[in-house]
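If you want the building blocks of each chain, they are given just below.
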Amino acid sequence: MLEHQEEEMDPDRTLAEIRELLAHIADLETRSRELDTGQEAADLFEAADDQRVAVAEKFAALDKWLSNGGSLPAAWAPRGAGDSRRGNYPRSDRGRQGSQ
């Protein structure tokens, strides 16, 4: 049975947040490299590290959700599937092989 917190999972929102964090990390890293040295560069790099931790936490939550039979984010659902619920796509999908 899914825990209460997982029942509240919105895989679409979580995936969007992960993508936003990744874009923010890329921006922070670019700005940090442009500065090359100094406290501001170090602060930007540290901020990017904080964002990496947030990505890892959100990914872990999404993985747990999916592993417990939760629905896929719409962006990851097979085209034409109509419903992103696990089991509503062919078992021959590449990502599903050997995962049982």
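Remember, it's a predicted structure, so these values are computed and weren't measured experimentally.

Caption draft 1: Local environment of the overall build of the protein. Counting secondary structure elements, the protein contains 3 helices and 0 strands. Counting from the amino terminus, helix and strand elements in the protein follow one another as α-α-α. When burial is assessed residue by residue, the protein has 26% of its 100 residues classed as buried. By element, 48% of the accessible surface of the protein is carried by carbon and sulfur atoms, the whole surface being about 7200 Å².

Caption draft 2: The arrangement of helix H2 (residues 11–35) in detail. Taking 1.5 Å of rise per residue, the 25 residues of H2 would be expected to cover 36 Å, and the 36 Å separating its terminal C-alpha atoms lies within 8% of that figure. Against helix H3 (39–67) lie the buried residues of H2. N-cap assignment for H2: the residue whose side-chain oxygen lies 3.1 Å from the backbone N of Asp 12 is Asp 10. Asp 36 sits one or two residues past H2 and shows a positive phi near 70°.

Caption draft 3: Quick peek at the pattern of salt bridges. Tallied over the full model, the rule gives 5 salt bridges. Measuring nitrogen to oxygen at the nearest pair gives 3.5 Å for the salt bridge that ties Arg 13 to Glu 17. Residue Arg 13 and its partner Glu 17 are both found in helix H2; the two are separated by 4 residues, about one turn of the helix. Residue classification places Arg 13 among the partly exposed residues on the basis of a relative accessible area of 44%. For Glu 17, a relative accessible area of 23% translates into the label partly exposed. A salt bridge links Glu 17 to Lys 58; the shortest N-O distance between them is 2.7 Å. With Glu 17 in helix H2 and Lys 58 in helix H3, this pair connects stretches of sequence that are 41 residues apart. One network of salt bridges, in which partners are shared, links Arg 13, Glu 17 and Lys 58.

Caption draft 4: A look at the packing of aromatic side chains. In total, this model carries 0 aromatic pairs according to the counting rule given. A cation over an aromatic ring shows up here: Arg 52 above the ring of Phe 45, its NZ or CZ 5.6 Å from the ring centre.

Caption draft 5: A look at the confidence of the model for the protein. Per-residue pLDDT for the protein has a mean of 79; in total, 73% of the residues score no lower than 70. Considering each helix and strand of the protein separately, the mean pLDDT is smallest for helix H1 (residues 4–7), with a value of 48, and largest for H3, with 94. pLDDT under 50 marks residues 1–6. Its contacts with residues more than four places away, or in other chains, come to 7 contacts. This stretch, residues 87–100, has a pLDDT under 50; its non-local contacts, to residues over four places away or in other chains, come to 11 contacts.

Each value, and the rule that gives it
Residues numbered from 1 in each chain as written. Predicted model: local features only at pLDDT ≥ 70, side-chain atom pairs only at ≥ 80, totals over all residues. Heavy atoms only, no water. Helix = DSSP H or I, 4+ residues; strand = E, 2+ residues; numbered from the N terminus. Buried < 20%, exposed > 50% of the residue type's maximum accessible area, 1.4 Å probe, protein only. Areas by Shrake-Rupley, 256 points an atom, 1.4 Å probe, with all protein chains shown as cover. Expected span 1.5 Å × (residues − 1). Contact = heavy atoms within 4.5 Å. Polar contact = N/O pair within 3.5 Å; in protein donor to acceptor, adjacent residues only side chain to side chain. Salt bridge = Lys/Arg side-chain N within 4 Å of Asp/Glu carboxyl O. Phe/Tyr/Trp six-rings, centres within 6.5 Å; stacked < 30°, edge-to-face > 60°. Lys NZ or Arg CZ within 6 Å of the ring centre and 35° of its normal. pLDDT = per-residue confidence, 0-100.

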